[in-house]
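Given next are the chains, with one letter for each unit.
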Amino acid sequence: MATGADVLNMLIPNGGWAIYGNDFEGIQFVECEPITKKQFTDGFAKYDDWKKKQDNAKATAKSALLDRLGITEDEAKLLLS
């Protein structure tokens, strides 16, 4: 389940905000354009799909890099250890 911080990271990825708890009332917009309570609330419904897309994109990029390098994931881990 998404937290308020997860939703804000999705909606305002460059930061500039702080959140205390998971409620809209706990958000402080410090150095960013504020969002509405509706945008925040709707973000909880959209988060899981967004996160899945982000994870799939990272996995695809990782696989493409390993293919370009001609190494396996285990070989990459060995090189980086």
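Residues numbered from 1 in each chain as written. Predicted model: local features only at pLDDT ≥ 70, side-chain atom pairs only at ≥ 80, totals over all residues. Heavy atoms only, no water.

### Details of the nonpolar core
Listed in full, the twelve residues of the largest apolar core are Ala 2, Val 7, Leu 8, Met 10, Ile 12, Trp 17, Ile 19, Ile 27, Cys 32, Ile 35, Phe 40 and Tyr 47. When contributions to this core are tallied by element, the ones reaching two or more residues are α1 (4-11), β1 (17-19) and α2 (37-69). The element that contributes the greatest number of residues to this core is α1, accounting for three residues. In contact with Trp 17, not counting residues within four places along its chain, are Ala 5, Leu 8, Asn 9, Ile 12, Gln 28, Phe 29, Val 30 and Cys 32. (Core = buried A, V, L, I, M, F, W, Y, C linked by side-chain atoms within 4.5 Å. Buried < 20%, exposed > 50% of the residue type's maximum accessible area, 1.4 Å probe, protein only. Helix = DSSP H or I, 4+ residues; strand = E, 2+ residues; numbered from the N terminus. Contact = heavy atoms within 4.5 Å.)

### Quick notes on the pattern of salt bridges
Throughout the structure, instances matching the rule amount to six salt bridges. Put simply, Glu 73 and Lys 62 hold a salt bridge, and the shortest N to O gap is 2.9 Å. Of this pair, Glu 73 sits in helix α3 (residues 73-80) while Lys 62 sits in helix α2, placing them eleven residues apart in sequence. Classification of Glu 73 as partly exposed rests on a relative accessible area of 36%. Note on Lys 62: relative accessible area 42%, which makes it partly exposed. Glu 73 is the partner of Lys 77 in a salt bridge, and the nearest nitrogen-oxygen pair spans 3.8 Å. Here Lys 77 and its partner Glu 73 are both found in helix α3, four residues apart, which amounts to about one turn of the helix. (Salt bridge = Lys/Arg side-chain N within 4 Å of Asp/Glu carboxyl O.)

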